[in-house]
Amino acid sequence: MPEPAQPGWYSHELCHWHDPGAGSGYVPVGPGVEPLRQFAVDPDLRRAEGLVRASGVLDLFTTVTPTPATDADLLLVHTRAHIDRVEATSALGAGDAGVYAHVNHHSARAARLAAGACAQAAEAVLAGRFSRAYCVVRPPGHHAEPDRAMALCLYNNVAIAAQAARRAGASRVLVLDWDVHHGNGIQRAFYDSPDVLYVSIHQDGLFPPASGSVRETGNGAGLGTTLNVPLPPGSGHEAYLAALERVVEPAARAFQPDLILVAAGVDASAHDPMGRMMCTSRTLHAMTALMCALADDLTGGRIVFAHEGGYSAWYQPTLVLATAAAIAGLPAPEDPFLHSLEHLPGQRAQPHQTRVLDHLRAHHPLLAAR
Ligand SMILES: [Zn+2]
């Protein structure tokens, strides 16, 4: 028997050169905004990759330098006008390419590399070149809609990967999104599609406003292939694991995908300033391991993880390391920050957090019939 292929690790230096410019938090410098830096300007993600390398975990992956997504790749999801606006704004060296989607000279290239990495990872895993893959790229993608950039996202990396996988022969793709925000862009790209199941676990009502309700379940031939799990603020380790075990897993078994993609943001952590959730590195590790095991059952192991949001400068590296360790089949790594988080009462599943799981099991078109 040949050795199973190593997982693939997709990243690119130029992804770190994208920078939304002077600002504070997520708001550009302007009236009342004193310059600090904008979130997701990275040293942070580079430090995350650094920790994975320093820990030795990166040695268990085959590292891949992606190539930029082509126009044909981007047009799988986006309009020509949207692509042109990203390119033109980036060529100016600064400006908003959509709604809160500021760019610099390198952003258009970085965004093509991020989307290209995810598409190429999906194709490589489908072709059996890798067992699994992790794309540690930016800018993130899940808010980008077919015709506009939004909230730091220029191109929808995971949606493009799903379409690239279908182009390469996959007939059914499951996209799970555990970024703390709702992936409105992925949902919109596939709302009418019966071939892509989009499942999002997010903080109820956080962002975008009025997006990601349990009542959004798909349309037309796509009815039942959108599944939103909005958890109340304060949900932690047990609530997230319950969502995976009680909703995501039965939905995946009902859908029978050929490939699983995970929009694996790390901003549902208890140290993240953009969300009000309680997850730890143990949560990320357990969710990643659970999804890899589910892929082993359903898709011959084919699964790709792509980074999305993550805004805690100090905790993001540990969360990325925990995700990488699970993909590599290792136990959860040491977490020097864990002692301040795991004892908190919000880590236990509370009845008001799991009520949405009961509702979905009783009423969602994909789950209610089972
Ligand atoms: Zn997010």
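You'll find the structure just up there.
The rules behind these values
- Residues numbered from 1 in each chain as written.
- Predicted model: local features only at pLDDT ≥ 70, side-chain atom pairs only at ≥ 80, totals over all residues.
- Heavy atoms only, no water.
- Helix = DSSP H or I, 4+ residues; strand = E, 2+ residues; numbered from the N terminus.
- Rg over C-alpha atoms; globule rule 2.2 N^0.38 Å.
- Buried < 20%, exposed > 50% of the residue type's maximum accessible area, 1.4 Å probe, protein only.
- Contact = heavy atoms within 4.5 Å.
- Areas by Shrake-Rupley, 256 points an atom, 1.4 Å probe, with all protein chains shown as cover.
- Salt bridge = Lys/Arg side-chain N within 4 Å of Asp/Glu carboxyl O.
- Polar contact = N/O pair within 3.5 Å; in protein donor to acceptor, adjacent residues only side chain to side chain.

Caption draft 1: Region of interest: the overall build of the protein. A tally of helices and strands in the protein yields 11 helices and 14 strands. Radius of gyration (C-alpha) of the protein: 19 Å, near the 21 Å computed for a compact globule of 370 residues. With respect to the principal axes defined by its C-alpha atoms, the protein has extents near 55 × 45 × 45 Å. Evaluated residue by residue, the protein yields a buried proportion of 59% over its 370 residues. Looking at the protein alone, contacts between residues at least 24 apart form 76% of all its contacts between residues at least 6 apart. Split by element, the accessible area of the protein, about 13700 Å² in all, is 55% carbon and sulfur.

Caption draft 2: Structural detail: the pattern of salt bridges. Applying the stated criterion across every chain yields a total of 16 salt bridges. With a shortest N-O distance of 2.8 Å, R167 and D73 are connected by a salt bridge. Of the two residues, R167 sits in helix α5 (residues 157-167) while D73 sits in helix α2 (residues 71-74), which places them 94 residues apart along the sequence. Taken together, the salt bridges that share partners define one network made up of D71, R80, D84, E87 and R112.

Caption draft 3: Expanded view of the side chain of Q187. With respect to the element layout, Q187 can be found in helix α6 (residues 184-190). For Q187, a relative accessible area of 9% gives the class buried. There is a polar contact of 2.8 Å between the side chain of Q187 and the side chain of E216. A polar contact of 3.0 Å, which involves the side chain of Q187, links it to the side chain of N228.

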